[in-house]
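Each chain is listed here by its residues.
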Amino acid sequence: MINDKKVILSGIQPSGDSLTLGNYMGALKNWVKLQDEYSCVYMIANMHTITLRQEPAKLRARTLSLLAQYIAAGLDPEKNVFFIQSQVSAHAELAWILNCYTQMGELSRMTQFKDKSQKHADNINAGLFDYPVLMAADILLYQADMVPVGKDQKQHIELTRDIAQRFNGIYGDVFTIPDPYIAPPSAGSNIMGLQDPTSKMSKSDPNPNGCIYILDPPEVIIRKIKRAVTDSEAEVAYREGKDGVNNLLTIYSVATGKSIDEAVAEFVGKGYGDFKAAVGEATAECLRPIQEKYNDLMKNKDYLESVYRSGGDTARRIAGRTLAKVQKKVGFIL
Ligand code: TYM
């Protein structure tokens, strides 16, 4: 509890030129609804990002840009704590301790590790393998009750719960056991790639038309959606086997606030051309105010710096308390 409110912790990696539509619809958009009811702490997960090789200047720029995207998407800095993960050293310190309470076997079962090590076979570093332990430290340091994420992160949160329960089993009630908070797929927790609708929309999609970035100009968004892979049935319906259409219906539904059924009803008797044009327009329209606010915020770097500096102070205070407790428990002299 912080100020008598339950605690939420989540984060996004500053790994692309901007967030994807998947990050926005699966995570960020849902966070906006939580900011009044919970004590919300959001990090820019830059320590996770260096598990894949990065250009330092780009990583720095993307870190600030991600903060501006958080705020532009509707998260109010007066109501939420934002911080840069690498500025709170407790994350690395707790991750080390938790490493000693995590089994190699558990980490080798992580599907994201298997995927990423296949994609980056030339750089399967220890950080990539150990990444879920750092994520557990991120969550447990803030005694988070709930972790809002997209579906792809669920397995990491389950591992976090296992590690926390194991630690508590040995040392008493040290960590709050966090629950994942995942919207249903129809609400955007699993936005798929536009060119391959059987795998999640991702910044690392080799096909540039597969992924929409939230800062893409409207005409680019409309074009990418026009080229999205569908099927040969020419019927706008939400059912198994229609992965491409299901994904576009989900995007349309999240962008407009209409239910999937309402969306389907709207396109009865219409072809995929009309459907895709409407999805493209709706998506561009949903992102337009975010892009405007983002452009304004990026003109004021001093303001952005003041937000992450004061967020870092708060985060260090909260995280430091948990870290000290853990260090005492394991027998470190403070
Ligand atoms: P990241 O940066 O890959 O993604 C950020 C958030 O976006 C969600 N997401 C999606 N949701 C729906 N459809 C998609 N196609 C899609 N792609 C991404 C992710 O589920 C996530 O919620 N390890 C995390 C960052 C992290 C973190 C944490 C999260 C580090 N520490 C502690 C929560 C708590 C990651 O790489 O997310």
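Preceding this section is the structure that the text describes.
Since we're looking at a predicted model, the values are computed, not measured.

Cut-off values and rules
Residues numbered from 1 in each chain as written. Predicted model: local features only at pLDDT ≥ 70, side-chain atom pairs only at ≥ 80, totals over all residues. Heavy atoms only, no water. Helix = DSSP H or I, 4+ residues; strand = E, 2+ residues; numbered from the N terminus. Buried < 20%, exposed > 50% of the residue type's maximum accessible area, 1.4 Å probe, protein only. Contact = heavy atoms within 4.5 Å. Axes fitted to C-alpha atoms, helices over the stretch in contact; angles between N-to-C directions. Parallel < 35°, antiparallel > 145°, perpendicular 65-115°, else oblique. Nonpolar A, V, L, I, M, F, W, Y, C, P; charged D, E, K, R; others polar. Phe/Tyr/Trp six-rings, centres within 6.5 Å; stacked < 30°, edge-to-face > 60°. 1 Å grid on protein atoms, 1.4 Å probe; cavity = no way out; pocket = protein on both sides within 12 Å on 5 of 7 lines; lining within 4 Å. Points joined across faces, edges and corners; volume = space filled by probe spheres on them. Disulfide = S-S within 2.5 Å. Salt bridge = Lys/Arg side-chain N within 4 Å of Asp/Glu carboxyl O.

## Some words on the side chain of Thr 49
Next up, step 1: Mapped onto the elements, Thr 49 comes out in helix 2 (residues 46-49).
Next up, step 2: Judged by relative accessible area, which is 1%, Thr 49 ranks as buried.
Next up, step 3: Thr 49 has contacts with Gln 13, Pro 14, Ser 15, Gln 54 and Leu 59, leaving out every residue within four places of it along the chain.

## A closer look at the packing of helix 3 (residues 56-72) against helix 13 (residues 301-330)
Next up, step 1: As a packed pair, helix 3 and helix 13 sit with axes 10 Å apart at the nearest point and diverge in direction by 85°. Taken together, helix 3 and helix 13 sit at an angle that is classed as roughly perpendicular. Along the contact surface, helix 3 presents Leu 64, Leu 67, Ala 68 and Ile 71, while helix 13 presents Lys 301, Tyr 303, Leu 304, Val 307 and Tyr 308.
Next up, step 2: Partitioning the contact of helix 3 with helix 13 into residue classes produces eight nonpolar, no polar and one charged.

## Topic: the packing of aromatic side chains
Next up, step 1: Per the counting criterion, the structure on display carries 13 aromatic pairs.
Next up, step 2: For the pair Phe 83 and Tyr 142, a centre-to-centre distance of 5.5 Å together with 35° between the ring planes defines the contact as tilted. Of this pair, Phe 83 sits in strand 3 (residues 80-84) while Tyr 142 is found in the loop between helix 7 (126-141) and strand 4 (146-148), placing the two residues 59 residues apart along the sequence. Residues Phe 83 and Tyr 142 agree in their burial class; the two are buried.
Next up, step 3: With 5.0 Å between their ring centres and 75° between their planes, Phe 113 and Phe 129 make a pair best called edge-to-face. Of this pair, Phe 113 sits in helix 6 (residues 111-119) while Phe 129 sits in helix 7; the two residues are 16 residues apart in sequence, bridging distant segments of the chain.
Next up, step 4: Under the relative-accessibility criterion, Phe 113 is labelled buried at 15%.

## Some points on empty space enclosed by the protein
Next up, step 1: One pass over the full model with this rule turns up two cavities of 30 Å³ or more.
Next up, step 2: If you add up the space inside the largest cavity, you get close to 50 Å³.
Next up, step 3: Every residue along the wall of the largest cavity is listed here: Gln 13, Pro 14, Ser 15, Gly 16, Asp 17, Ser 18, Leu 19, Arg 62, Ser 65, Leu 66, Gln 69 and Lys 203.
Next up, step 4: Considering only enclosed or pocket space, the second largest cavity measures out at about 40 Å³ in volume.
Next up, step 5: Those elements giving two or more residues to the lining of the second largest cavity turn out to be helix 6 and helix 7.

## Things to note about the state of the cysteines
The bond known as a disulfide is covalent and runs between the sulfur atoms of two cysteines.
Next up, step 1: Applying the stated rule across the entire model yields zero disulfides.
Next up, step 2: For the unlinked cysteine Cys 286, the closest cysteine sulfur is that of Cys 211, found at 15 Å.
Next up, step 3: Of the residues examined, Cys 286 reaches a relative accessible area of 15% and is grouped as buried.

## A look at the pattern of salt bridges
Opposite charge on two side chains lets them pair, provided their charged atoms get close.
Next up, step 1: The full count for this structure, using the stated rule, is 17 salt bridges.
Next up, step 2: Of the charged contacts in the structure, one is a salt bridge between Arg 288 and Glu 285, with a shortest N-O distance of 2.7 Å. Here the residue Arg 288 and the residue Glu 285 both occupy positions in helix 12 (residues 272-297), the gap between them amounting to three residues, near one helical turn.
Next up, step 3: Given the relative accessible area of 39%, Arg 288 is considered partly exposed.
Next up, step 4: We note a salt bridge from Arg 316 to Asp 313, for which the minimum N-O separation is 2.8 Å. Of this pair, Arg 316 and Asp 313 both sit in helix 13, three residues apart, which is roughly one turn of the helix.
Next up, step 5: Asp 313 sits in the partly exposed class, given a relative accessible area of 47%.
Next up, step 6: Linked by salt bridges that have partners in common, Asp 231, Glu 233, Glu 235, Arg 239 and Lys 242 make up one network.

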